[in-house]
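Spelled out, the chains give:
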Amino acid sequence: MAEAADFQGTAPSPARRWLRRTGALLAGVPLLAGAFLLPTAAPAQAATSGTVSVSVDSLTPSAPAEGDTLTVSGTVTNQGKQAVTDAHVGVRVGPLLTTRSAVDSTARRSSDPQGVFAAEVGGKYVETFDKLSPGVSEHFSISVPVDQLDLGQDGVYEFDVSLSGQTSAQPWEQVLGIRRTFLPWQPAEAGTRTKTTFLWPLISTVRMTAQTGPGEHQTPVFLNDDLAKEISPGGRLSQMLALGTGLDVTWVIDPDLLATVDAMTRNYQIQGEGDTTTAGTHQALAKQFLADLQKAVAGKQVVALPFADPDLASLAHNGTSVTGSLSHLKDATDVAATTVQTVLHITPSTDFAWPVEGAVDPSIIKVATSAGADKVIARSDSLQETGGLPYTPSAARPVGGGTTAVVADTRLSTAFEGDLTAAGPTTLAVQKFLAQSLALNTQTNQQRSIVVAPQRMPTASQARAMAQAITALEGGNWSQSQDLTAAAKAKPDPAATTKIPSRSGYPSSLRKKELPRTVFEQIARTQDKLDNFQVVLSDESRAVTPFGRAINREMATSWRGRGRGADGFRQGVEGWLNHLTEQVKLIDKSEMKLSGRSATIPVTVQNNLVQGVDHLVLRLTSTMPTRLSVGGKAYAEQPVDVSGGHSQSVKFTTSANANGRVTVIAQLYTEDGQDYGAPVSFDVKVTEVTPTVMLVIGGGVLLLVLAGFRMYTQRKRAAARQAEEDGPDTPGEDPDGPDDPEGPENPEGPSERLQKESETRSGASEPEQPSDPTPDTASESVDPSATGERVDR
């Protein structure tokens, strides 16, 4: 074997590789000694450290195999004030990194030119520059066969790309810039391969409000139209979907995102200034996104988080003391599966809970499992190993009570955080991820199940780096894919820690961003109002569904660090509920006047909702029942049933007992006795007819009767006196004589007769004289009336 390795075209033997590296190290010893002998050399080297920036923008293949050609490309930039001459870029293979900590250490000094001992591969595998002026960048690309790298045993190697040259101040060749990265070397399939689970989160921020249109389809109203940007080609979610398609990952989806995109496939409105809205126009985009997602998740495991991805840590630390808070988590869990099934037509796993950054304590575990989940995705920087294990144990840990903590690896999970918009950081992140994965696999010959749980909402550039790393991992020889359920069921390592850290150990940086207790108090207040409102509706689902989902969204993890936005959303939900509740109300009444012992008082109930209301009771209460009673009591109640867009007048019978002003209060109640809406108060002025008034009226009537009788007797006496003065009439003889022009054909009419009687009574025809002894009335004459005398009755 050793002899064969010396022939042209064959890979160097491990012994030969060791000799080359030892020779390179020994060759550097005199140089180091010279540096110590010349005191001025060290300061000169330090003065030029980092003069040139080196960026490795591409390293392919990321995990080379035997016979591959490694191509590294990037840019070098002169950041100093002096030109660099006789410059060249070369590659170096550093030492074998046998531990995960060594990988971390190398990454921390990735751009430090100090301590460069590995020799350049050299020869034709360099790129030269005659001059590199200050501020100037130059591109480089070097391709070198893997067998020229003298790679030895399987494992992770430090791989350096350096620029060497000289300046006018230091006219000798030296390393002026370097970029350290990693080269995973596993040319043949490993004897034991790590089972790796990579979570692919499809989560976004809250978009939908509680407000809906009045029509049958209840057109939803969105906070903004930013989701259209995310699902458009090139958008964050669009790239997450495209990159995840074909990867062997476990999809972790917030059902609220699915519900929101699904709502976009139909008519929807965008909230504007004040009460204005504009029509959304991205229906086709939403339909395409969902169609692509359905294809992407076919045959893959999908984990559905509780609806709107509630903040479990905030709920555990600040919400459990508020009545009803845990019920919202249960509701969010119950609706999750239904939403995914409806939109994606698959059955998801709903038995996983995922606290923020996998940080757990006993209260978080208790809350996370209260809604039915029996597996909690934690992270190894929270559930830290205390037993001194020389290797990373499997993810599954039984933590008691039938609960399994699925502990994601911190190093792998955080590998793609930070700004990865540039190619250099992206390449470094990918190579570091692969290095950590391979280093983990070489720790022991026992097969383990490892979980990678990245940040909840990766940027598009972070997602691209993740996809690149997963693709390289799937093509490597030390790892095999596994879904999350299988990882949770894997046999736990008996030596791995299962102790949940105390509450005091929860990171303060995360605690500062939690939703405060006031959030859950407002949620409870809104829920109480919703409970009161829904019982009076003929179709309560029109309110329960949008407001129930909106309350779930108020607890979303995405509100962390966005306090102002969270406050505005909650106030909008409660404000819209108040607006709808006030559409069923009592119409104000002005003062009423009540005459008589009893009367009817009407009270009008107005319903401006599109649906009918029932199960309401209207109560009318008298504040002074001794003066004015309602239905014979202090108050009376009547059921109320009003169709949508109509009003109904409810009438109450009242009884007055005394005069005066009485305040009357009308109030709506639900059937269970809860007051509904604001009361309406108005005054009733009572002017009741009392017995004394009746006596006065009766006396007045009697006086009128007596006066009429007196007038009658006066007329009768006057007629008798007139008859005495005229004498007796001859029967059949006309008293006026035969020559009277009036004659019998013109008898005295009623008007003339009345006029004469009046003159007789008043004495107008014969005025009474003071000395006249004759009585002025006929009351003193008691003789019977003569025959033929007319008497008025």
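Model, not experiment: these values are computed from the prediction.

With respect to the overall build of the chain
Item 1. The secondary structure content of the chain amounts to 21 helices and 29 strands.
Item 2. Scored against the burial criterion, the 793 residues of the chain give a buried share of 46%.
Item 3. Partitioning the intrachain contacts of the chain with sequence separation of at least 6 by distance along the chain shows that 77% fall at a separation of at least 24.
Item 4. Element-wise, carbon and sulfur atoms account for 52% of the exposed surface of the chain, whose accessible area totals about 38,400 Å².

Topic: the sheet that holds strand E2 (residues 69–78)
Item 1. Taken in spatial order, the three strands make up an open sheet running E1-E2-E5, and their pairing is antiparallel. Single-partner strands in this sheet number two, and they are strand E1 (52–60) and strand E5 (137–145). Shown here is a sheet whose adjacent strand axes are inclined to one another by a mean of 20°, direction ignored.

Here's the deal with the packing of aromatic side chains
Item 1. A full pass over the atoms with the stated rule returns five aromatic pairs.
Item 2. Summarising the aromatic geometry, the rings of Phe222 and Tyr268 are spaced 4.9 Å apart at their centres and angled 35° between planes, so their arrangement reads as tilted. Of this pair, Phe222 sits in strand E10 (residues 220–222) while Tyr268 sits in the loop between helix H7 (255–264) and strand E12 (269–271), and the two are 46 residues apart along the sequence.
Item 3. Taking the relative accessible area as the measure of exposure, Phe222 reaches 0% and is therefore buried.
Item 4. Between Phe416 and Phe433, the aromatic rings sit 5.2 Å apart at their centres with planes inclined by 40°, giving tilted as the arrangement.

Thoughts on the pattern of salt bridges
Item 1. Counted by the stated rule, this structure contains 27 salt bridges.
Item 2. Between Glu230 and Arg207 there is a salt bridge, with its nearest N and O atoms 2.7 Å apart. Remark: Arg207 occurs in the loop between strand E8 (194–202) and strand E9 (208–212) and Glu230 occurs in helix H5 (residues 226–231); sequence separation between them is 23 residues. The same class applies to Glu230 and to Arg207, which are both buried.
Item 3. In this structure, the salt-bridge partner of Arg525 is Glu574, at a minimum N-O distance of 2.8 Å. In this pair, Arg525 is assigned in helix H17 (residues 517–534) and Glu574 in helix H19 (residues 563–581), connecting sequence segments 49 residues apart.
Item 4. Overall, Glu574 belongs to the buried group, its relative accessible area being 8%.

Focus: unusual backbone geometry
Item 1. The omega angle of the peptide bond from Thr60 to Pro61 is -10°, so this bond is cis rather than trans.
Item 2. With respect to the helices and strands, Pro61 occurs in the loop between E1 and E2.
Item 3. A positive phi angle, near 55°, is found at Asp150, a position not held by glycine.
Item 4. A relative accessible area of 10% places Asp150 in the buried class.

As for empty space enclosed by the protein
Item 1. The final tally for this structure, using the stated rule, is six cavities of 30 Å³ or more.
Item 2. There is about 50 Å³ of room inside the largest cavity.
Item 3. Lining the largest cavity we find Pro306, Leu312, Leu329, Thr333, Thr350, Phe352, Ala353, Ala368, Ala371, Gly372 and Ala373.
Item 4. Considering only residue class, the lining of the largest cavity consists of eight nonpolar, three polar and no charged.

With respect to the sheet that holds strand E18 (residues 403–408)
Item 1. Within the open sheet, the four strands sit side by side as E15-E16-E18-E17. Their pairing is mixed. Bordering the open sheet on either side are strand E15 (352–353) and strand E17 (396–400), each of which pairs with just one other strand.
Item 2. Bridge count for E17 against E18 is four bridges, and the pairing is antiparallel. Bridging from a neighbouring strand, Pro398 pairs with Thr404 of E18.
Item 3. On top of the sheet, helix H11 (residues 362–370) reaches E15, strand E16 (375–379) and E18; it is set at about 145° to E16, its chief contact.

Examining the nonpolar core
Item 1. Counting residues in each nonpolar core, the largest one holds 78 residues, and the members touching the most others are Phe533, Phe547, Leu618, Leu620 and Val684.
Item 2. In this structure, Val684 is in contact with Met592, Leu594, Ile601, Leu628, Gly660, Arg661, Val662 and Val664, ignoring residues within four places of it in sequence.
Item 3. Counting residues in hydrophobic clusters, the runner-up holds 63 residues, among them Val156, Met240, Ile270 and Trp478.

Brief notes about the packing of H17 against helix H18 (residues 541–554)
Helix-helix packing is described using two parameters, namely the angle between the two axes and the distance between the axes.
Item 1. Contact geometry of H17 with H18 gives a least axis separation of 11 Å together with a crossing angle of 175°. Between H17 and H18, the angle falls in the class roughly antiparallel. From H17, Val519, Ile523, Thr526, Gln527, Leu530, Phe533 and Gln534 reach across to H18, where they touch Ala543, Val544, Phe547, Gly548, Ile551 and Glu554.
Item 2. Grouping the constituent residues of the contact of H17 with H18 by class yields eight nonpolar, four polar and one charged.

Quick word on the side chain of Asn607
Item 1. Tracing the sequence through the fold places Asn607 in strand E23 (residues 598–607).
Item 2. On the accessibility criterion, Asn607 (0% relative accessible area) is buried.
Item 3. If we ignore the near neighbours within four places in the chain, the residues touching Asn607 are Gln583, Val584, Gly612, Val613, Val642, Ser643, Gly644, Gly645 and His646.

Some words on helix H14 (residues 460–475)
Item 1. Taking 1.5 Å per residue as the helical rise, H14 with its 16 residues ought to reach 22 Å, and the 23 Å between its terminal C-alpha atoms agrees with that figure.
Item 2. Of the residues making up H14, those classed as buried are Ala460, Ser461, Gln462, Ala463, Ala465, Met466, Ala467, Ala469, Ile470, Ala472 and Leu473.

Digging into the environment of Thr410
Item 1. Among the structural elements, Thr410 can be located in helix H12 (residues 410–413).
Item 2. Overall, Thr410 belongs to the buried group, its relative accessible area being 16%.
Item 3. Distance from Thr410 to Pro454, taken between C-alpha atoms, is 9.0 Å for residues 44 residues apart in sequence.
Item 4. Dropping the residues within four chain positions of it, Thr410 is found in contact with Arg379, Ser380 and Asp381.
Item 5. At 2.8 Å, the side chain of Thr410 forms a polar contact with the backbone nitrogen of Asp381.

Examining the environment of Gln148
Item 1. Along the chain, Gln148 turns up in the loop between E5 and strand E6 (155–166).
Item 2. Considering only alpha carbons, one finds Gln148 and Thr69, 79 residues apart in sequence, at a separation of 9.4 Å.

Details of H19
Item 1. The end-to-end C-alpha distance of H19 is 27 Å, a good match for the 27 Å that 19 residues give at a rise of 1.5 Å each.
Item 2. Regarding H19, the residues found buried are Ala566, Phe569, Arg570, Val573, Glu574, Trp576, Leu577, Leu580 and Thr581. Each buried residue of H19 lies within a common arc of 155° when the element is viewed along its axis, so the set occupies one face. Structural note: H19 exposes Arg564 and Gln571 on the side pointing more than 90 degrees away from its buried face.
Item 3. In this structure, the buried residues of H19 make contact with E9, H17, H18, strand E21 (584–586) and strand E29 (675–687).

Overview of the confidence of the model for the chain
Item 1. Averaged over the chain, the pLDDT score is 86; the fraction of residues at 70 or greater is 83%.
Item 2. Below pLDDT 50 for its whole length, residues 1–49 participates in 42 contacts with residues either more than four positions away or in separate chains.
Item 3. Overall, residues 730–793 carries pLDDT values under 50, and its contacts beyond four positions in sequence, including any with other chains, amount to 36 contacts.

Concerning a nonpolar patch on the surface
Item 1. A contiguous nonpolar surface patch, about 410 Å² in accessible area, is contributed by Leu702, Leu703, Val705 and Leu706.
Item 2. Relative to the helices and strands, Val705 resides in helix H20 (residues 691–726).

Focus on the pairing of strand E7 (residues 174–185)
Item 1. Among the 12 residues that make up E7, 11 are buried, leaving the element largely enclosed by the rest of the structure.
Item 2. Where E6 meets E7, 11 bridges bridge the pair, whose relative direction is antiparallel. What sits directly across from Ser162, in E7, is Ile178.

Rules and cut-offs
Residues numbered from 1 in each chain as written. Predicted model: local features only at pLDDT ≥ 70, side-chain atom pairs only at ≥ 80, totals over all residues. Heavy atoms only, no water. Helix = DSSP H or I, 4+ residues; strand = E, 2+ residues; numbered from the N terminus. Buried < 20%, exposed > 50% of the residue type's maximum accessible area, 1.4 Å probe, protein only. Contact = heavy atoms within 4.5 Å. Areas by Shrake-Rupley, 256 points an atom, 1.4 Å probe, with all protein chains shown as cover. Pairing = 2+ DSSP bridges. Axes fitted to C-alpha atoms, helices over the stretch in contact; angles between N-to-C directions. Phe/Tyr/Trp six-rings, centres within 6.5 Å; stacked < 30°, edge-to-face > 60°. Salt bridge = Lys/Arg side-chain N within 4 Å of Asp/Glu carboxyl O. 1 Å grid on protein atoms, 1.4 Å probe; cavity = no way out; pocket = protein on both sides within 12 Å on 5 of 7 lines; lining within 4 Å. Points joined across faces, edges and corners; volume = space filled by probe spheres on them. Nonpolar A, V, L, I, M, F, W, Y, C, P; charged D, E, K, R; others polar. Core = buried A, V, L, I, M, F, W, Y, C linked by side-chain atoms within 4.5 Å. Parallel < 35°, antiparallel > 145°, perpendicular 65-115°, else oblique. Expected span 1.5 Å × (residues − 1). Polar contact = N/O pair within 3.5 Å; in protein donor to acceptor, adjacent residues only side chain to side chain. Arc of directions from axis to C-beta. pLDDT = per-residue confidence, 0-100. Patch = residues over 30% accessible without salt bridge, like charges linked within 9 Å, V, L, I, M, F, W, Y side chains within 5 Å.

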